[in-house]
Amino acid sequence: MAAGLGASSAFAADGGPDNVAAWPAAEKPTPLNDVTHYNNFYEFGTDKSDPAELSGSFKPTPWSVQVDGMVDKPKQWDLADLQKQFGQEERLYRMRCVEAWSMVIPWNGFSLAALLKAAGPKVGARYVAFTSVVRPSEMPGQRGGLFALKWPYVEGLRLDEAMHPLTLLATGVYGQALPAQNGAPIRLVVPWKYGFKGIKSITRITLTDQQPPTSWNLMAPEEYGFYANVNPAVDHPRWSQASEQIIGEGSLFRSARKPTQLFNGYAEQVAHLYQGMDLRKDF
Ligand SMILES: Nc1nc2c(c(=O)[nH]1)N[C@H]1C(S)=C(S)[C@@H](COP(=O)(O)O)O[C@H]1N2
Ligand SMILES: [Mo]
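What counts as what
Residues numbered from 1 in each chain as written. Chains lettered and ligands numbered in written order. Predicted model: local features only at pLDDT ≥ 70, side-chain atom pairs only at ≥ 80, totals over all residues. Heavy atoms only, no water. UniProt positions renumbered as here; feature names shortened; annotations may be inferred. Salt bridge = Lys/Arg side-chain N within 4 Å of Asp/Glu carboxyl O. Helix = DSSP H or I, 4+ residues; strand = E, 2+ residues; numbered from the N terminus. Buried < 20%, exposed > 50% of the residue type's maximum accessible area, 1.4 Å probe, protein only. 1 Å grid on protein atoms, 1.4 Å probe; cavity = no way out; pocket = protein on both sides within 12 Å on 5 of 7 lines; lining within 4 Å. Contact = heavy atoms within 4.5 Å. Arc of directions from axis to C-beta. Phe/Tyr/Trp six-rings, centres within 6.5 Å; stacked < 30°, edge-to-face > 60°. Near = heavy atom within 4 Å. Polar contact = N/O pair within 3.5 Å; in protein donor to acceptor, adjacent residues only side chain to side chain. Nonpolar A, V, L, I, M, F, W, Y, C, P; charged D, E, K, R; others polar.

- As recorded in an unreviewed UniProt entry, the protein chain goes by Protein-methionine-sulfoxide reductase catalytic subunit MsrP and comes from Acetobacter indonesiensis.
- Under Subunit (unreviewed entry), UniProt gives the following word-for-word description of the protein chain: "Heterodimer of a catalytic subunit (MsrP) and a heme-binding subunit (MsrQ)."
- In its Sequence similarities (unreviewed entry) section, the UniProt record describing the protein chain reads: "Belongs to the MsrP family."

Overview of the pattern of salt bridges
- For the structure shown, the criterion picks out 16 salt bridges.
- Where Lys48 meets Glu99, a salt bridge forms, and the shortest distance between an N and an O atom there is 3.1 Å. Taken together, the residues Lys48 in the loop between α2 (32-35) and α3 (50-53) and Glu99 in the loop between β3 (89-96) and β4 (101-111) connect sequence positions 51 residues apart.
- The class for Lys48 is buried, based on a relative accessible area of 15%.
- Accessibility expressed as a relative area gives 1% for Glu99, which makes it buried.
- By sharing partners, the salt bridges in this structure join Glu27, Arg94, Arg96, Glu244 and Lys258 into a single network.

Observations concerning the UniProt feature "binding site: Mo-molybdopterin" (unreviewed entry) in the protein chain
- With numbering aligned to this structure, UniProt lists the feature "binding site: Mo-molybdopterin" (unreviewed entry) at Asn39, Tyr42, Glu43, Cys97, Ser132, Asn182, Arg187, Gly198, Ile199 and Lys200. The subset of these annotated residues that lines the largest cavity comprises Asn39, Tyr42, Glu43, Cys97, Ser132, Asn182, Arg187, Gly198, Ile199 and Lys200.
- Looking at the secondary structure, you find Glu43 in the loop between α2 and α3.
- If sequence neighbours within four positions are ignored, Glu43 has contacts with Ser132, Met139, Pro140, Gly141, Gln142, Trp151 and Tyr153.
- Locating Asn182 in the fold gives a position in the loop between β8 (176-177) and β9 (187-189).
- In this structure Asn182 comes out as buried when scored by relative accessible area, which is 3%.
- Apart from the residues lying within four places of it in its own chain, the contact partners of Asn182 are Val35, Thr36, Asn39, Arg187 and Lys200.

Examining helix α5 (residues 112-119)
- Buried within α5 are the following residues: Leu112, Ala113, Leu115, Leu116 and Ala119. Around the axis of α5, the buried residues are gathered within 160° of arc, so they sit on the same side.
- At the exit of α5 stands Gly120, carrying a positive phi of roughly 75°.

Topic: the packing of aromatic side chains
- The final tally for this structure, using the stated rule, is 14 aromatic pairs.
- Where Tyr42 meets Trp216, the ring centres are 5.4 Å apart and the plane angle is 90°; that geometry is what we call edge-to-face. With Tyr42 in the loop between α2 and α3 and Trp216 in helix α7 (residues 215-219), the pair connects residues that are 174 residues apart, well separated along the chain. In this pair, the class of Tyr42 matches that of Trp216, namely buried.
- Note on Trp216 and Tyr224: the rings are 5.4 Å apart at their centroids and 65° apart in plane angle, and the pair reads as edge-to-face.
- Of the residues examined, Tyr224 reaches a relative accessible area of 1% and is grouped as buried.
- These aromatic residues form a ring-pair network of at least three members: Tyr127, Phe226, Tyr227, Phe263 and Tyr274.

Quick word on the site of ligand 1
- Around ligand 1 there are 17 residues in total, and Asn39, Tyr42, Glu43, Gly198 and Lys200 lie nearest to it.
- At a separation of 2.9 Å, an oxygen atom of ligand 1 approaches a polar side-chain atom of Asn182.
- Gly198 is positioned with one of its backbone polar atoms (N or O) 2.8 Å from a nitrogen atom of ligand 1.
- Split into classes, the residues belonging to the shell around ligand 1 amount to eight nonpolar, six polar and three charged.

Let's talk about unusual backbone geometry
- Here the bond from Trp151 into Pro152 is cis, since omega is 0°, no more than 30 degrees from zero.
- Position of Pro152 among the secondary structure elements: in the loop between β5 (127-132) and β6 (154-158).
- Each neighbour pair has its own omega, and for Ala184 with Pro185 the value is -5°, a cis peptide bond.
- Secondary-structure assignment places Pro185 in the loop between β8 and β9.
- Despite not being glycine, Tyr174 shows a phi value in the positive range, around 50°.
- Within the secondary structure, Tyr174 sits in the loop between β7 (168-173) and β8.
- Looking at Tyr174, the relative accessible area reads 32%, which means it is partly exposed.
- Even without being glycine, Ser201 reaches a positive phi, approximately 45°.
- Assignment of secondary structure puts Ser201 in the loop between β9 and β10 (202-208).

Below is the structure:
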């Protein structure tokens, strides 16, 4: 795929949403090999296989995360101290990419809320801004080229979304440290939102009173909004979001699909965050 978060070729080839009813919903974990070899991490390249193949010189240690902005206790955290202080839970989450494919991934990590509480958000803080690492010498996708994403990759959440107990800072997958291609050594996971909100290899977390800029929105604002909540009723301008391809199932000849769920199946936990909002306008 040369440019942008286009639908995968399999999506077009298998007849798309019409096949949905024929395929069972998969909630079983996606095989580790698919989780670690079918990736979006444009700092390493735009093909799904690039992050696994081209991340060999990436060094996830030593690593620190700066927590700053509108907090009482700004701090530069060493990764090991974050893990010591906040622990490691396992969370099995559905993961839905805006390109209309999905996985089910067992992450290890801790609630972002725990870190934010330790930092002490100041009155008036309303958003959390995230920044990915910039290391062109270790990340071939950051070296020149015509691709329109700007570095660093940036993302953001509203403070109440960031404080939600489902919002995870992941440091592992399948019980092992995050591989480079999945966002080593620490990345965000927001399971009710499209995958691009899950910013990888985080170096900075900043509390602010302004809605932060986000990478895909900067590149194509008509296609990728700030909220990016999974929603089968709000199509991407170039493809349907009504169903999704299940990575790790199906065959070479026909992909497995299932219907997309509102908020990726987490509506009971998160729908209240968006009461009174027009989800078509704030997509
Ligand atoms: N820094 C950074 N974070 C990123 C991306 C990226 O290109 N760069 N891609 C996003 C997209 S589009 C998706 S779907 C998920 C993919 O996560 P995974 O490869 O671990 O499944 O990471 C997100 N986080
Ligand atoms: Mo994505």
